[in-house]
Every structure is written in C-alpha cells, then in structure tokens.
Amino acid sequence: MNWEAFWLTVRLAAIVSTLLIAIGIPIAYWLTYSRWRWKFLVEAAVALPIVLPPTVLGFYVLVALGTRSPLGRWWQSLTGHTLAFTFEGLVIGSLLYSLPFAVQPFAASFGAVDSSLLRASASLGHSPMQTFRRIVLPLSKAGLVTGFALSFAHTLGEFGVVLMVGGNIPGVTRTISIDIYDQVQTANYSSANQTALVLLIISFVVLSTVYWLNRYGLNGRPWVAGPWK
Amino acid sequence: MEVKIIIPAPQPVLPAQPISSELEVRIRKRFSNPEGSFNLNVHFRALAGFTIIFGASGAGKTTLLDCIAGLTDPDDGRIAVGGEDLYDSEKKRNVAAWKRRIGYVHQDLALFPHLTAEENVAYGLRGLSAAERQTRSREMLGLFRIGHLRERRPAQISGGERQRVALARALVTEPRALLLDEPLAALDRPTKSSLVGDLRRWNQEHRVPILFVTHNGEEVFALGDEVIVLDGGIIVAQGLPHETMRAPRLETIARLSGFENIFNATVVALHEDRGTMTCQLGKDGVELETPLVRADVGSRLRVGVRAGDLLLATESPRGLSARNVLPGTIVGLEQRDVIISATVDCGGTEFEVHLTLAARDSLGLGPGKSVWVVAKTHSCHLMRM
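If you're wondering where the values come from, they're calculated on a predicted model, not measured in any experiment.

1. What to know about the overall build of chain A
Looking only at helices and strands, chain A has eleven helices and zero strands in total. Counting helices and strands in the order they occur from the N terminus, chain A gives α-α-α-α-α-α-α-α-α-α-α. Dimensions of chain A along its principal axes, counting C-alpha atoms only, are 65 × 45 × 30 Å. For chain A, the residues scored as buried account for 40% of the 229 residues in total.

2. Structural notes on the domain arrangement of chain B
Looking at the assigned domains, one finds that chain B contains domain 1 (23-255) and domain 2 (259-384). Computed over C-alpha atoms, the centres of domain 1 of chain B and domain 2 of chain B are 38 Å apart.

3. Digging into the interface of chain A and chain B
If you look at the interface, chain A gives 16 residues, while chain B gives 21 residues. At the level of secondary structure, the elements contributing two or more residues to the side of chain A that touches chain B comprise α6 (115-123) and α7 (128-139) of chain A. Top element by residues in the side of chain A that touches chain B is α6 of chain A. It accounts for six residues. Taken together, the residues of the side of chain A that touches chain B break down into nine nonpolar, five polar and two charged.

4. What about unusual backbone geometry?
Residue and element names in this part refer to chain B. The backbone of K92 sits at a positive phi, close to 55°, despite the residue not being glycine. Inspection of the secondary structure assignment puts K92 in the loop between β5 (84-88) and β6 (93-94). When the 7 C-beta atoms within 10 Å are taken as the criterion, K92 is described as exposed. With a phi close to 50°, E174 is a non-glycine residue in the positive phi region. Summarising the element assignment, E174 is placed in the loop between α4 (159-171) and β8 (177-181).

5. Structural notes on the sheet that holds strand β15 (residues 300-305) of chain B
Residue and element names in this part refer to chain B. The strand order across the open sheet built from five strands is β14-β13-β12-β15-β21, with neighbouring strands paired in antiparallel fashion. The open sheet terminates on both sides in strands that have one partner only, identified here as β14 (287-291) and β21 (381-384). Mean inter-strand twist for the sheet, computed between neighbouring axes without regard to direction, equals 45°. Where strand β12 (residues 261-271) and β15 come together, six bridges link them in antiparallel fashion. Note on β15: the bridge partner recorded for I262 is G304.

6. So, the pairing of β8 of chain B
Residues and elements named next belong to chain B. When you tally the buried positions in β8, you get five out of five residues, the bulk of the element. Residues A177, L179 and D181 of β8 are buried on one face, and the alternating residues L178 and L180, pointing to the opposite face, are buried as well. The pairing of strand β7 (residues 102-105) with β8 spans four bridges and is classified as parallel. Within β8, the residue paired with G103 across the bridge is L178. Sheet topology places β8 next to strand β9 (residues 209-214); four bridges connect them, and they run parallel. Paired with L180 across the two strands is F212, which belongs to β9. As a crossover connection, the stretch from β8 through helix α5 (residues 189-206) into β9 is right-handed.

7. Focus: the pairing of strand β18 (residues 339-346) of chain B
For a regular strand, side-chain orientation follows a simple rule: the groups alternate between the two sheet faces. All names here are of chain B. Across seven bridges, strand β17 (residues 324-336) lies against β18 in antiparallel orientation. Residue pairing across strands places I330 opposite V344, the latter belonging to β18. Linking β17 back to β18 in an antiparallel pair, the connection comprises two residues, with D337 at a positive phi of about 60°.

8. Topic: helix α10 (residues 176-185) of chain A
All names here are of chain A. Buried within α10 are the following residues: I176, S177, I178, D179 and I180. Each element contacted by the buried residues of α10 is listed here: α1 (3-33), α9 (160-166) and α11 (189-216). A187 occupies a position one or two residues after α10 and carries a positive phi of about 60°.

Criteria and thresholds
- Within any chain, residue numbers begin from 1 and follow the written order of that chain's sequence.
- Working convention: letters from A go to chains and numbers from 1 go to ligands, in the order in which they are written.
- Owing to the predicted nature of the model, reporting of local features is limited to residues with pLDDT of at least 70; listing and counting of side-chain atom pairs is limited to 80 or more, with chain, interface and lining totals taken over all residues.
- Counting from the N terminus, the helices are DSSP H or I runs at least four residues long and the strands are E runs at least two residues long.
- In this scheme every C-beta is placed from the backbone, and a residue whose C-beta has 20 or more other C-beta atoms within 10 Å is buried, one with 12 or fewer is exposed, and one in between is partly exposed.
- Note that domain bounds follow an automatic or database assignment of domains.
- A pair of residues counts as a contact when their C-beta atoms, built from backbone coordinates, are separated by no more than 7 Å.
- In this classification, the charged set is Asp, Glu, Lys and Arg, the nonpolar set is Ala, Val, Leu, Ile, Met, Phe, Trp, Tyr, Cys and Pro, and all remaining amino acids, among them Gly, are polar.
- Two strands are counted as paired when DSSP detects at least two bridges linking them.
- Each axis is a line fitted through C-alpha atoms, and for a helix only the stretch in contact is used; angles between axes span 0 to 180 degrees, taken between their N-to-C directions.
- Think of it like this: strands point away, you trace from the first strand over the helix to the second, and a clockwise trace means the crossover is right-handed.

What follows is the structure, given as structure tokens:
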C-alpha cells in the first residue's frame, strides 16, 4: 500500500470537491434560473466530462496549461514554473473533470424547491439573491452534500486526466489509481489488490453515507422537505 | 374705506386614523386556463377594507392578484397603491415584486418548511434588530392565537394553524395592501369566521385595502363587503353582496352563486297590491308566484331558484305561508357528499331540490314517488333575459 499516493489523492479530492462547492453553486444557480435561449449549450458543455474520454479532456487541459497558452504563460510569469505536471495543474484538471458531478445535483436540488416559496419570499420583501441564500440553499442541503460527495468520490478514482496533466511524479502527481496501474505493470498483484480494495471501500462508504443521509437525515430530521401543504 | 374680507385659510383636516391607502388597478393581461385563452381586462379601485373578488375558477382571479403583487407582468395598464405607481406601462415603470410591500397569501400558503412558525413570521421583518424582530413576530403570533406554536415547523401543525401562520407572516410586514387568494378554502366554518374576525381586528388599525379572492358564494355574504364579480377576465358586476348576489340581474352571476334551477319564464299576471306577480315557466310549464319587478304582462324573464331553498312534501301541504306548492314526481335521486340532490318533474318542468340524507330516509323518497315542491315567493329570483 502506497500511503504517499493515498494521502495525495485524498488531499486532491478534498480540495477539488471543496472548490467545486464555490464554483458549482453559481453555475448551478445560473443553469436553474436563467432564461437565456442558448442555455442548453452551457448545460451540454458542463456535462461533457461525463461522456468525454478522460484522455481527451486531459489533453486539452494539458495544452491550456502549457506555455503556449495565455493561462500557462501567466502562471509561469507568476510562479516561475509551468502548471503542467504539478499538483496545482492536477487540481485544475480535476475541477473540470468533476464539475458535472457537483453542478448537476446542485441544479437539480435548486430546481426542486417549490416556486411558490420563491414567490412568497419576494412578496415578503426579499430580493432574488436573499431568497436564494435563505430559502433555496437551506432546502438544497441534500443536493449540496450529494454533489460534494460525488465529486469527492469521482476525483478519488480519476486516472486519465491525471496521467495526461500530471504525469506520474511520486508525492506530487502520483495518485492511487496511477499507483495501482504501476503495480499491475510490474506484476505486483497483491499490492495492487490491496490498494484497489481500499479505493473501492472508501468510494462505497462515501456513497452509502450520502444515500443514507438523503433518506434519514441528521438528528432524525429529513434533509429533503417532503411534500406537504 | 375699503372693506377687506379675510377668508380664513382652510385648516388641514387631520385624519382620525392613518391615511388609508387606496389600490387602483387598471390592467389588461392575456392569460390561459384549461378552457382556452382569455383577456383579463379590469379597472377598479379598492379602498381600505375588504373587497371580495368573486368568480369561478379560471375567471382570472389569481392572474389579477399575481399582477398586483408583481409576480407576473400585465400586458399594459397601471397599478398604484396609496398614490404610488407600482406598474405603469406608459411611464415604463415596473416595481420589482420584492420592493412593492404588498402582502400576498396564496391558497397553498407556501410556508417555509425549514423554518419554525416564529421564523416564518419574522422572515419578512428586515432592517430591524433581532430583539425587535422577535417582539413583533411574537406579538403577531399572539394576535392570531398561535403563540404556543412558535417553535413548530409547518409540517407539525394543522391546516388552520398554517393558515394563521401564513396570514401573520404577511401582516407583520405592514403591507400597503393585502392580497388573499382563497385563504379560507380549506377551513371549516368556525375556523373561518374566527380568522376573518382576527383579520378585521388587525385592519381596523392598519386600514389597508384587502383583496379577498373566493369562488365560494357563501363567503361573499359572510364577509359582507364590496364585491367584484369576475367572469372570463372581465368585471361583470360590482357592489354590495346583497345587490350583486341576492338579486342577480345577470345569469352568469346566478350560475356562479349557486342557482341550480334557472328557467325561462313569461309574466302572466301582476299583483301590485300584494307585491308579487305570476310567471309561467317554459312554454306550457307550471306557474310560480315571484316578487314583483318592473315588468309588463307578457314580458320574458328568467327565474332562478336555489336547490337548497326548495322543500319537498310527501302529502299535499296545508296552512303554509309559502305561495308555491307544485305537485310532481321524483325522477332521480343522487347523493353528493352528504347532500341528496332530487330531480322532481312538475308537469314538464324539472326542479333540482337539495335534501339531507335523513330527510330522504324518513320520507322514504325514491324515484317514482309523488311529492309536492314548495317554494317561497322570495326564493324566486328574477333576472333579465
């Protein structure tokens, strides 16, 4: 068991899923309430990482992070090194890769908030932003937790994007899934089996916690306000 | 010498109560309901106090309230409260819903499920200290007699209590006008009247216009204020309930307020001395004694009688004050909830009569049974054709 790779992966997943809360909420808000006629194009773009081969996504991220792109040059002038093959580069790649796993549960739970509550809030003098903060967000707790957990679990297991963007630098960009791949390549099956099992168990525990919370809630209080009149 | 006449400047008269706000609405708005597309086209003023908006479902009542609250935009027109324009298509003015200060209680109440009753009520209190918010919301909870529920969430209280929370939540913000969309529809009668009492008590102090939407004719009489009758998006009658509802001049109102029996009739005789007249129903139907109206013999009218105002007798009744006793035969009985609706054929004219279950059973009523239909003169309402 390669603990260095394990903790690196956990750190990556925690950073990415936390950042995705900050990035995903505004995107999900816009996707839920915008009436822009071309909105469907943005929806499709956000969902792309679900269907795109990670190598394709990783390739474009690599190009975007390299010194030939404005972003890569800006980063280099700022820090003196490139984003590619660094932990920061890995974070950026993973943010894109896991974006739909955060945004879609967020948007679904925002959209599920009864519109009559939003109308009532407006009649009680609250602006759309205040209404979002005081009504929509608290009632979307389940979706926020689901999005956080899904993007965490999804980042834990990423492989293709990491390989393209981060390479395989121990302690910097070597994540669990790459470690497993390495071990299989060197026919070290028992170690690969051990690591794979750990990843499997963690992912299963994270997901079952989410589903349990969605059903039973905290403090015996349901997370999702059920249908009532 | 010049005589100077000094005219004293008119003294400003201070109102005894706060200046009441007036709601003025003149809007047009295209809207759809299951029966098709209609144009809401209304113009009215509502003074402080209750104004009842009465109409069948689909008449445009909710669309009207949504326009006033700013939740939907009219096609054109003007909405003003207390002299301030909230919407004016000519001036291109459209105040956002959350800046209008119009209280709106919708039929589904829309209480916030994650907040307690007290938090719901305090929600609209903004720009106040926490202590002040608490004082005011508790005061309002007390006024609506739900102080003991303040820690409960909407899912933990009864329907009537939720209604009170919703009203308290709207009123605590001191709105300039109040819109109530069938707020009592789900309540039993005692709860209804006590809620209306609380609402009136509140408004004696605040004097704001309250638009009270209902499709229930009974509520209109119970509230007893100015009523506006809406049908197909337009105002078809306006006035006091007994003027617009009791003696309907238009059949649309009659149908709405529950006249199950409506007949074409011809005036056959006037009895000016008794204040009545005789009308023949249909072509060769039975004759009814009705109240006297300004009409000539031979003129054609409509007669409306509520099914609940008719009596049935199984023997020819004697010594009655009611002037209309018509022999007939029951052709059908139908149970609707706890009411029996009997169809009685009186010489070719069919009447619908509403009875209780007990009356049906104790009189042994059934199809084919001979009965007498009894109608008081003043239960016969006349409408122009």
